[in-house]
Amino acid sequence: GVFRLCTVLESIIIPNSVTSIGFDAFGSCTNLKEINVMSDNKYYSSIDGVLYNKAKDTILFYPEGKQGEFTVQKNVTNIDYWAFHEHRGLTAINVMSDNKYYSSIDGVLYNKAQDELICFPAGKQGCFTIPNSIKNIVLYTLFGCSGITSIVCKSKIPPEIEESIDDYDFNENTYDEIFDGLLLDEIIVYVPASSLDAYEHSTWRKWFLFIKPLEG
């Protein structure tokens, strides 16, 4: 991206002449706190320093240096794949209850049906409990989440962990590609005792060293 790794950048204004912004244009701009778009730009817009498409129904990028919680409004129908990942200042993603496409539990982003885990905020700390309704974990959901101390997965059937995107396969790559920042050799994953064997023979064992049964 044109500003990638520009750690001194704190604010930027997108002029009306800009027609395209690459997905990694602001990657690793760790001090970027706001992206503002001129009102007469025909392709993009911004709300409170967050980048959207013009219609304001797609969240494109949440600045990495922006601190605190974020609320997904009811009109949002799409969130870009890279919008929140590895943003360590983000402590919670909340979704308005009348949004038809997304939901949140305890500041973690899910799809509306809550069978897909989309994003755990990288600034959130402590034990992460994955609901028993989860069937799929989106690639990079836990990327940069160094604050996670343990994981409790309540699903009796191990949720699928995505390992590829847009025809790029991560199967042969190191964990850094998928779980960068997560201490996989220290974190304990607790799963239903009756499903321990299923987890041991799933992709969970490929990534997590310690998988133990839930007590009680």
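See the structure shown above.
Everything in this summary refers to the structure shown in the same document. Treat the numbers as computed from the prediction; the structure is a model and nothing was measured.

Quick word on the overall build of the protein
Step number 1: A tally of regular secondary structure across the protein gives three helices and 19 strands.
Step number 2: Partitioning the contacts of the protein with sequence separation of at least 6, the portion at a separation of at least 24 is 43%.
Step number 3: In the structure as shown, the protein presents an accessible area of about 10800 Å², 51% of it carried by carbon and sulfur atoms.

Looking at the environment of I187
Step number 1: For I187, the location among the structural elements is in the loop between α1 (176–179) and β18 (188–191).
Step number 2: Note on I187: relative accessible area 2%, which makes it buried.
Step number 3: A C-alpha to C-alpha distance of 7.3 Å links I187 and I151, two positions 36 residues apart in sequence.
Step number 4: Excluding residues within four positions of it along the chain, I187 makes contact with I148, T149, S150, I151, L182 and F210.

Some words on the packing of aromatic side chains
Two aromatic rings, taken as a pair, are described by how far apart their centres are and by the angle between their planes.
Step number 1: Evaluated as defined, the whole model comprises ten aromatic pairs.
Step number 2: Taking the centre distance of 5.3 Å and the plane angle of 65 degrees together, the rings of Y81 and W82 count as edge-to-face.
Step number 3: With a centroid separation of 4.9 Å and 85 degrees between ring planes, the pair formed by Y140 and F143 is classed as edge-to-face. Across the pair, F143 and Y140 agree in class, each one buried.
Step number 4: Among the aromatic residues, those joined into a cluster by ring pairs are Y81, W82, Y140 and F143.

Overview of the sheet that holds strand β5 (residues 58–61)
Step number 1: Within the open sheet, the four strands sit side by side as β3-β4-β5-β7. Their pairing is mixed. Each edge of the open sheet is held by one strand with a lone partner, namely β3 (44–47) and β7 (78–79).

Observations concerning the pairing of β3
Step number 1: Of the pairings in the sheet, the one linking β3 to strand β4 (residues 50–53) comprises four bridges and is antiparallel in character. Note on β4: the bridge partner recorded for S46 is L51.

With respect to the pattern of salt bridges
Step number 1: In total, this model carries two salt bridges according to the counting rule given.
Step number 2: Across the pair D106 and K124 runs a salt bridge whose closest N-O atoms are separated by 3.7 Å. In this pair, D106 sits in the loop between β9 (102–105) and β10 (108–111) while K124 sits in the loop between β11 (116–119) and β12 (126–130), placing the two residues 18 residues apart along the sequence.
Step number 3: Its relative accessible area of 15% is what places K124 among the buried residues.
Step number 4: One salt bridge in this structure joins R205 and E200, with 2.7 Å as the shortest N-O distance.

Digging into the nonpolar core
Step number 1: Residues F128, I130, I148, L182, W204 and F208 are the most contacted members of the largest nonpolar core, which totals 26 residues.
Step number 2: Counting residues per element, the ones that place at least two in this core are β10, β12, β14 (148–153), β18 and α3 (203–207).
Step number 3: Among the elements that line this core, the one with the most residues is β14, at three residues.
Step number 4: Residues in contact with I148, not counting those within four places in the same chain, are F120, K124, G126, F128, L142, L182 and I187.
Step number 5: F70, V76, F84 and L109 belong to the second-largest nonpolar core, a separate cluster that totals 18 residues.

So, unusual backbone geometry
Step number 1: The phi torsion at D48 lies on the positive side, around 50 degrees, for a residue other than glycine.
Step number 2: Looking at the secondary structure, you find D48 in the loop between β3 and β4.
Step number 3: Not every positive phi belongs to a glycine, and D106 is a case in point at roughly 50 degrees.

Let's talk about the sheet that holds β12
Step number 1: Reading across from one edge, β12-β14-β18-β19 is the order of the four strands in this open sheet, with parallel pairing throughout. This sheet does not close on itself; its edge strands, each paired only once, are β12 and β19 (210–213). Adjacent strand axes in the sheet meet at a mean angle of 25 degrees, parallel and antiparallel pairs treated alike.
Step number 2: Sheet topology places β18 next to β19; four bridges connect them, and they run parallel. When the bridges of β19 are listed, Y190 appears paired with K212.

What counts and how
Here the residue numbering is sequential within each chain, running from 1 through the sequence in written order. Where local features are concerned, this predicted model is filtered to residues with pLDDT of at least 70; where side-chain atom pairs are given and counted, the filter is 80 or more; whole-chain, interface and lining totals use all residues. For the side-chain quantities, the full set of heavy atoms in the structure was used; hydrogens and water were omitted. By definition, any uninterrupted DSSP run of H or I lasting at least four residues is a helix, any uninterrupted run of E lasting at least two residues is a strand, and each is numbered from the N terminus. Contacts were defined at the residue level, with two residues in contact if any of their heavy atoms lie within 4.5 Å. Per-residue accessibility takes into account occlusion by the displayed protein chains alone, with areas from the Shrake-Rupley method and a 1.4 Å probe. Burial here depends on accessible area, computed with a 1.4 Å probe over protein chains only, as a share of the maximum for the residue type. Under 20% is buried, over 50% is exposed, and the range in between is partly exposed. Working definition: a ring pair exists when centres of Phe, Tyr or Trp rings (six-membered ring for Trp) sit within 6.5 Å. Plane angles under 30 degrees give stacked, over 60 give edge-to-face, the rest tilted. When DSSP locates at least two bridges between a pair of strands, those strands are taken to pair. A carboxyl oxygen of Asp or Glu within 4 Å of a side-chain nitrogen of Lys or Arg is what we treat as a salt bridge. Put simply, a nonpolar core is a bunch of buried Ala, Val, Leu, Ile, Met, Phe, Trp, Tyr and Cys residues held in one set by side-chain atoms that sit within 4.5 Å of each other. Throughout, an axis means a line fitted to C-alpha atoms (over the contacting stretch in the case of helices), and angles, computed between N-to-C directions, take values from 0 to 180 degrees.

None of the figures reported here should be taken as evidence of function without further support.
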